[in-house]
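Summary of the model geometry
Next come the chains, spelled out residue by residue.
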Amino acid sequence: MTDETSLNAVELATELTIAWLSNPNNRVSADEAPAFLRTMHATVNELAGGSSQTADGVDQTGPSEDFTPAVTVRKSLASKDHLISLIDGKQYKMLRRHLSQNGLTPEQYRQRYNLKADYPMVAENYSIARREMAKKIGLGRKPGQKPAARKSSTKAT
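Now for a quick tour of the structure. These numbers were taken from a predicted model, which means no experiment stands behind them.

**Thoughts on the overall build of the protein**
- Across its full length, the protein holds 6 helices and 2 strands.
- Starting at the N terminus and ending at the C terminus, the protein contains elements arranged as α-α-α-β-β-α-α-α.
- The buried share of the protein, taken over its 157 residues, is 19%.
- Contacts in the protein between residues at least 24 apart in sequence constitute 40% of all its contacts with a sequence separation of at least 6.
- When the accessible surface of the protein is split by element, carbon and sulfur atoms take 51% of a total near 12,500 Å².

Set out below in structure tokens:
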């Protein structure tokens, strides 16, 4: 890689980092900015066709990072009221939004932590409550179809 291409990659990575930091929607501490700049530089170099090396000269094109879960899989499913994220160890009723904020799909999450394909993304009790609410307001019925007759607990005499 020539010095001119290297200089352009550094300038481009710097400009992209400045633009990212100036966005008022991004709340970033000062400690995270250098790491983001390094990542941005490696990405720009990789896209430019060079190798992705950090400022330390370490090649990042090797094997993918090994992720260690914050809690055990068994503990993440211990409660019916919530799921515990393997990313940060916090409790959630639904994991989809949390995963999308971390740039993952449910399939990628399951693959990252070697989970089974049927690992739930919604807490069991929350799923039941949503199902009951949907039935109550009539979702899932065909147009013009009347709700199912409710069974009366009192008998007519």
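**Here's the deal with the packing of aromatic side chains**
- On inspection of all chains with the given rule, the structure shows 2 aromatic pairs.
- Seen in terms of ring centroids, Tyr 109 and Tyr 113 are 5.5 Å apart; in terms of plane orientation they differ by 70°. Their pairing is edge-to-face. As far as burial versus exposure is concerned, Tyr 109 and Tyr 113 are alike and both buried.
- Following the ring pairs from residue to residue traces out a cluster consisting of Tyr 109, Tyr 113 and Tyr 119.
- The ring centre of Phe 67 lies 3.6 Å from the NZ or CZ of Arg 112, which sits over that ring.

**Quick look at helix 6 (residues 124-137)**
- Spanning 14 residues, helix 6 covers 20 Å between terminal C-alpha atoms, matching the ideal 20 Å at 1.5 Å per step.
- Positive phi appears at Gly 138, one or two residues downstream of helix 6, with a value of about 95°.

**Here's the deal with a nonpolar patch on the surface**
- Residues Met 133, Ile 137 and Leu 139 make up a contiguous nonpolar surface patch of roughly 330 Å² in combined accessible area.
- With respect to the helices and strands, the residue Ile 137 is situated in helix 6.

**What about the nonpolar core?**
- Among the nonpolar cores identified, the biggest contains 13 residues, and Leu 86, Leu 95, Leu 99, Tyr 109, Leu 115, Tyr 119 and Met 121 are the most heavily contacted of them.
- Ignoring any residue separated from it by four or fewer positions in sequence, one finds Leu 99 in contact with Ile 87, Leu 104, Thr 105, Pro 106, Tyr 109 and Met 121.

**Looking at helix 2 (residues 32-48)**
- Taking 1.5 Å per residue, 17 residues should reach 24 Å; helix 2 reaches 24 Å between its end C-alpha atoms and fits that length.
- Within the sequence span of helix 2, burial applies to Ala 33, Met 40, Ala 42, Val 44 and Asn 45.
- Residue Gly 49 follows helix 2 closely and has a positive phi angle near 100°.

**Examining the side chain of His 82**
- Residue position: His 82 is located in the loop between helix 3 (73-76) and strand 1 (83-84).
- Here the side chain of His 82 touches Gln 91 through a polar contact of 3.3 Å, side chain to side chain.

**Digging into the environment of Asp 88**
- Here Asp 88 shows up in the loop between strand 1 and strand 2 (91-92).
- Leave out the neighbours within four places in its chain, and Asp 88 touches Ala 70 and His 98.
- Looking at Asp 88, its side chain comes within polar contact range of the main-chain nitrogen of Lys 90, at 3.1 Å.
- At 3.0 Å, the side chain of Asp 88 and the side chain of Tyr 92 are in polar contact.

Quick notes on the rules
Residues numbered from 1 in each chain as written. Predicted model: local features only at pLDDT ≥ 70, side-chain atom pairs only at ≥ 80, totals over all residues. Heavy atoms only, no water. Helix = DSSP H or I, 4+ residues; strand = E, 2+ residues; numbered from the N terminus. Buried < 20%, exposed > 50% of the residue type's maximum accessible area, 1.4 Å probe, protein only. Contact = heavy atoms within 4.5 Å. Areas by Shrake-Rupley, 256 points an atom, 1.4 Å probe, with all protein chains shown as cover. Phe/Tyr/Trp six-rings, centres within 6.5 Å; stacked < 30°, edge-to-face > 60°. Lys NZ or Arg CZ within 6 Å of the ring centre and 35° of its normal. Expected span 1.5 Å × (residues − 1). Patch = residues over 30% accessible without salt bridge, like charges linked within 9 Å, V, L, I, M, F, W, Y side chains within 5 Å. Salt bridge = Lys/Arg side-chain N within 4 Å of Asp/Glu carboxyl O. Core = buried A, V, L, I, M, F, W, Y, C linked by side-chain atoms within 4.5 Å. Polar contact = N/O pair within 3.5 Å; in protein donor to acceptor, adjacent residues only side chain to side chain.

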